[in-house]
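Structural overview
Okay, here's what each chain looks like letter by letter:
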Amino acid sequence: QVQLVESGGGLVQPGGSLRLSCAASGFTFSTYIMRWYRQAPGKEREWVAVVSTGGNTNYADSVKGRFTISRDNAKNTVYLQMNSLKPEDTAVYYCNVRLNVALNYWGQGTQVTVSS
């Protein structure tokens, strides 16, 4: 079965960096677009970044220039490098894969807290 397992979250000071990882299994990782989302307390889940099968990337305006999404198809893993973190980046971060219109999978999430 499809599994997505995020890791790498934690507490970081404003201006700091974190790298999130999402280990995927149960599907042919290299052939699917991978996405990161986040959900802050009391807010809707929002899209953060996407990486295509060929490595093309796109970002939400709120993180553009600070976050970098990448993938390692040999390790079935997608990453989110987060630099210049701000308190408003505090959220639970989720990775996501859509195998088709009916099969949309999420990981369990990893908490990122940006605070001094």
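Higher on the page you've got the structure.
My aim in this report is to walk through the structure given alongside it, one point at a time. (Residues numbered from 1 in each chain as written. Predicted model: local features only at pLDDT ≥ 70, side-chain atom pairs only at ≥ 80, totals over all residues. Heavy atoms only, no water.)

**Quick look at the pairing of strand 4 (residues 34-39)**
Counting buried positions along strand 4 yields five of six residues, so the element is predominantly enclosed. When strand 4 meets strand 5 (residues 46-51), the two strands line up antiparallel, connected through five bridges. Paired with Tyr37 across the strands is Trp47, a residue of strand 5. Hairpin connection from strand 4 to strand 5: six residues lie between these consecutive antiparallel strands, with Gly42 at a positive phi of about 75 degrees. (Buried < 20%, exposed > 50% of the residue type's maximum accessible area, 1.4 Å probe, protein only. Helix = DSSP H or I, 4+ residues; strand = E, 2+ residues; numbered from the N terminus. Pairing = 2+ DSSP bridges.)

**Side note on the sheet that holds strand 1 (residues 3-7)**
Two strands in a sheet stick together by hydrogen bonds in their backbones, pointing the same way (parallel) or opposite ways (antiparallel). Taken together, four strands build an open sheet; the order of strands is 1-3-8-7 and the sheet is antiparallel. Whereas interior strands pair on both sides, the edge strands pair on one side only; in this sheet they are strand 1 and strand 7 (67-72). Here the strands of the sheet are splayed against their neighbours by 15 degrees on average, with no regard to which way each runs. Here strand 3 (residues 18-25) pairs with strand 8 (residues 77-82) via six bridges, running antiparallel. By the bridge assignment for strand 8, Ser21 is matched with Tyr79. (Axes fitted to C-alpha atoms, helices over the stretch in contact; angles between N-to-C directions.)

**A closer look at the state of the cysteines**
Each disulfide is one covalent bond, formed between the sulfur atoms of two cysteines. Following the criterion strictly, the structure yields one disulfide and no others. Bridging Cys22 to Cys95, the disulfide has an S-S length of 1.9 Å. Its S-S torsion of approximately 40 degrees makes the covalent link between Cys22 and Cys95 right-handed. Of the two residues, Cys22 is situated in strand 3 and Cys95 in strand 9 (residues 91-100); the sequence distance between them amounts to 73 residues. Overall, Cys22 belongs to the buried group, its relative accessible area being 0%. Judged by its relative accessible area of 0%, Cys95 is buried. (Disulfide = S-S within 2.5 Å.)

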